Amino acid sequence: MTKDPASDAAIQAYTLPRGEHGISREDISDSALKVMYRLNNAGFESYLVGGCVRDLMLGKSPKDFDVVTNATPEQIKGLFKNCRLIGRRFRLAHIVFGREIIEVATFRGHHSDDESGKKLGQQDAEGQLVRDNVFGTIEEDAERRDFTFNAMYYSVADFTVTDFAKGREAIAKREVELIGDPETRYREDPVRMLRAVRFAAKLDMTITPRTGDPIPKLAHLLANIPPARLFEETLKLFLGGAGVNTFKQLQSYGLLTPLFPQLDAILKAPDSRECQFIYRVLENTDHRINSNQRVTPAFLYAALLWYPLEEHAQKLQAESGLNPHDAFNIASGEVIHRQVQRIMIPKRFSTVIRDIWVLQHRLPRRFGRRAFQLLTHPKFRAGYDFLAVRGEIEGGDTMELADWWTQFQHADAPKQKKMLTQLRQEEGGATRPRRRRKRPAAKRSEGDA
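Nothing here was measured: the structure is a model prediction, and the numbers come from that model.

Let's talk about the overall build of the protein chain
Piece 1. Check the secondary structure of the protein chain and you find 24 helices and twelve strands.
Piece 2. Relative to its full complement of 449 residues, the protein chain shows a buried share of 48%.
Piece 3. Sequence separation of 24 or more characterises 68% of the internal contacts of the protein chain that already satisfy a separation of 6 or more.

What follows is the structure, encoded as structure tokens:
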């Protein structure tokens, strides 16, 4: 990015002494403190930056702590034996402390030409940054930050916070405000559009018109983002405890269709059962996350793609004359294949997605030993939970089936046997005569008449 004149007015450093920002070292990871102290002792500058400073000033507990420094990645690696360098687009250092990783970045600079006229950094035809290993000063780094509340730097050397872009003001107003010219910044990295929505939903803030208005016309740029990166971004979007709000904001800014093209028809009817089903799954996911319970991305993706799967399976049946079983299996593979063109779903999740879907067809078949066999299926609980949400939204036979399984899985053996007997009677199984196997006819000898 060349230096943006529009950002000059926003970048105006203000230093907050310890008494004004309220951040205490007790709230900071010991590992992050160790990294900063070692960098400082080696003669380098170092600061906590970004979301961790923002969250601390909001009174929240950060999930991770990012450090920025004027040391190069190679110099950082020379100071820490537990360091590994990652990234091609922008080189980063990961300092590993057991299960905790402290990410350390070198101050980023502007993409101006060097003395020989060679262009620093690389951009594609759309203006997207494809290589970004341009280092600079803390002031330049602040200008390169995405949102104003992420351009605050905490120093362990003097316990001050330097606010370069009126981040405190954005926090006080509860506004998501982009640094620099929005269209330029979104073209550099289209994922910033998703981040704007994520912060607004997660922090209960409002996206300013200047920041939000360009998003719908630039949403198509997300097609240029590698599918693997979009998978990581969607996890942050939907597994942050504010999934319902996030989904609705993505929908209002036109960002869902580029991520999930197969949802396009569904999204045009926000009051439809399909949308209500997705909202309910997201509500349940938010509740589990906010209650510190485990969730799996597979369940969420299974829900997002369930109705596109049903529609495609019915279409295959009608057009190709396939039986329901084969149509469903073929549609499952094709729906997942289409989705991974936009968002890469690792096999460990896509396998579970298909298990959940297949169970929706197996759970209605409960006769004989099948019910007991289904209870032992490794993904029974996920399949049952999925069915239960479908029952809430669809009602009718689906709700009755979900209620039956709710009772059956918690019943004792005699009660289970009684339920299966009653089920056979309701289905007319008790009145049907039992078929007797025909014995094979005895072979006749040539001499028999």
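As for helix H9 (residues 191-202)
Piece 1. With twelve residues, H9 extends 16 Å between its outermost C-alpha atoms, agreeing within 8% with the 16 Å of an ideal straight helix rising 1.5 Å per residue.
Piece 2. For H9, the buried fraction is high: eleven of the twelve residues fall into the buried class.
Piece 3. Where H9 is concerned, the buried positions are Val191, Arg192, Met193, Leu194, Arg195, Ala196, Val197, Arg198, Phe199, Ala200 and Ala201.
Piece 4. One or two steps after H9, the chain reaches aspartate 204, where phi turns positive at roughly 55 degrees.

Examining the side chain of serine 155
Piece 1. Counting through the fold element by element, serine 155 comes out in the loop between strand E9 (152-154) and strand E10 (161-163).
Piece 2. Taking relative accessible area as the criterion, serine 155 reaches 7% and is therefore assigned buried.

Some details on the pairing of strand E6 (residues 100-106)
Piece 1. Pairing analysis gives four bridges linking strand E3 (residues 66-69) to E6, with the strands arranged parallel. Within E6, the residue paired with valine 68 across the bridge is alanine 105.
Piece 2. Connecting the antiparallel pair strand E5 (residues 92-97) and E6 is a turn made up of two residues, with glycine 98 showing a positive phi of about 65 degrees.

With respect to the nonpolar core
Piece 1. In this structure, Leu48, Leu255 and Trp357 are the most contacted members of the largest nonpolar core, which totals 102 residues.
Piece 2. Listed in part, the 15 residues of the second largest apolar core include Leu359, Leu374, Leu387 and Ala402.

A closer look at the pattern of salt bridges
Piece 1. All told, the structure shown has 18 salt bridges when counted by the stated rule.
Piece 2. A salt bridge links arginine 187 to glutamate 183; its shortest N-O distance comes to 3.3 Å. Taken together, the residues arginine 187 and glutamate 183, both in helix H8 (residues 182-188) and four residues apart, mark about one turn of the helix.
Piece 3. Note on arginine 187: relative accessible area 24%, which makes it partly exposed.
Piece 4. The salt bridge partner of glutamate 188 is arginine 185, with a shortest N-O separation of 3.1 Å. Taken together, the residues span about one helical turn, with glutamate 188 and arginine 185 both in helix H8 at a distance of three residues.
Piece 5. Exposure remark for glutamate 188: the relative accessible area of 1% places this residue in the buried category.

Quick look at the environment of alanine 170
Piece 1. Turning to its location among the elements, alanine 170 is positioned in helix H7 (residues 167-173).
Piece 2. Assessed through its relative accessible area of 6%, alanine 170 is described here as buried.
Piece 3. Residues alanine 170 and threonine 206, spaced 36 residues apart in sequence, show a C-alpha to C-alpha distance of 9.9 Å.
Piece 4. In this structure alanine 170 touches Thr148, Phe149 and Glu175, once residues within four positions along its chain are discounted.

Focus: the sheet that holds strand E2 (residues 46-49)
Piece 1. Read across the sheet, eight strands follow the order E1-E10-E9-E2-E3-E6-E5-E4 without closing on themselves; strand pairing throughout is mixed. The open sheet has two edge strands with one neighbour each: strand E1 (14-16) and strand E4 (83-86). Strand-to-strand, the axes of this sheet are offset by a mean angle of 30 degrees, without reference to chain direction.
Piece 2. Bridge analysis of E5 against E6 gives five bridges, and the strand direction is antiparallel. Residue phenylalanine 97 lies in a different strand from E6, and its bridge partner there is glutamate 100.

Comments concerning the packing of aromatic side chains
How two aromatic rings sit relative to each other is given by the distance of their centres and the angle of their planes.
Piece 1. This structure, assessed with the given rule, holds 23 aromatic pairs.
Piece 2. An angle of 90 degrees between the planes, with centres 5.6 Å apart, marks the rings of phenylalanine 147 and phenylalanine 199 as edge-to-face. Of the two residues, phenylalanine 147 sits in the loop between helix H6 (138-144) and E9 while phenylalanine 199 sits in helix H9, which places them 52 residues apart along the sequence. Note on accessibility: phenylalanine 147 and phenylalanine 199 belong to one class, buried.
Piece 3. Each ring, one from tryptophan 405 and one from phenylalanine 408, has its centre 5.7 Å from the other, and the planes form 85 degrees; the classification is edge-to-face. Remark: phenylalanine 408 and tryptophan 405 occur in helix H23 (residues 396-410); sequence separation between them is three residues, near one turn of the helix.
Piece 4. A cation over an aromatic ring shows up here: arginine 198 above the ring of phenylalanine 199, its NZ or CZ 5.1 Å from the ring centre.
Piece 5. Across from the ring centre of tryptophan 404, 4.8 Å away, lies the NZ or CZ of arginine 366, which sits over that ring.

A closer look at the confidence of the model for the protein chain
Piece 1. When pLDDT is averaged along the protein chain, the result is 89, and 88% of the positions lie at 70 or above.
Piece 2. Predicted confidence in the protein chain is weakest over helix H1 (residues 5-8), with a mean pLDDT of 41, and strongest over strand E12 (residues 206-207), with 98.
Piece 3. In the model, residues 442-449 has pLDDT below 50 throughout and makes one contact with residues more than four positions away in sequence or in other chains.

Parameters at a glance
- Residues numbered from 1 in each chain as written.
- Predicted model: local features only at pLDDT ≥ 70, side-chain atom pairs only at ≥ 80, totals over all residues.
- Heavy atoms only, no water.
- Helix = DSSP H or I, 4+ residues; strand = E, 2+ residues; numbered from the N terminus.
- Buried < 20%, exposed > 50% of the residue type's maximum accessible area, 1.4 Å probe, protein only.
- Contact = heavy atoms within 4.5 Å.
- Expected span 1.5 Å × (residues − 1).
- Pairing = 2+ DSSP bridges.
- Core = buried A, V, L, I, M, F, W, Y, C linked by side-chain atoms within 4.5 Å.
- Salt bridge = Lys/Arg side-chain N within 4 Å of Asp/Glu carboxyl O.
- Axes fitted to C-alpha atoms, helices over the stretch in contact; angles between N-to-C directions.
- Phe/Tyr/Trp six-rings, centres within 6.5 Å; stacked < 30°, edge-to-face > 60°.
- Lys NZ or Arg CZ within 6 Å of the ring centre and 35° of its normal.
- pLDDT = per-residue confidence, 0-100.

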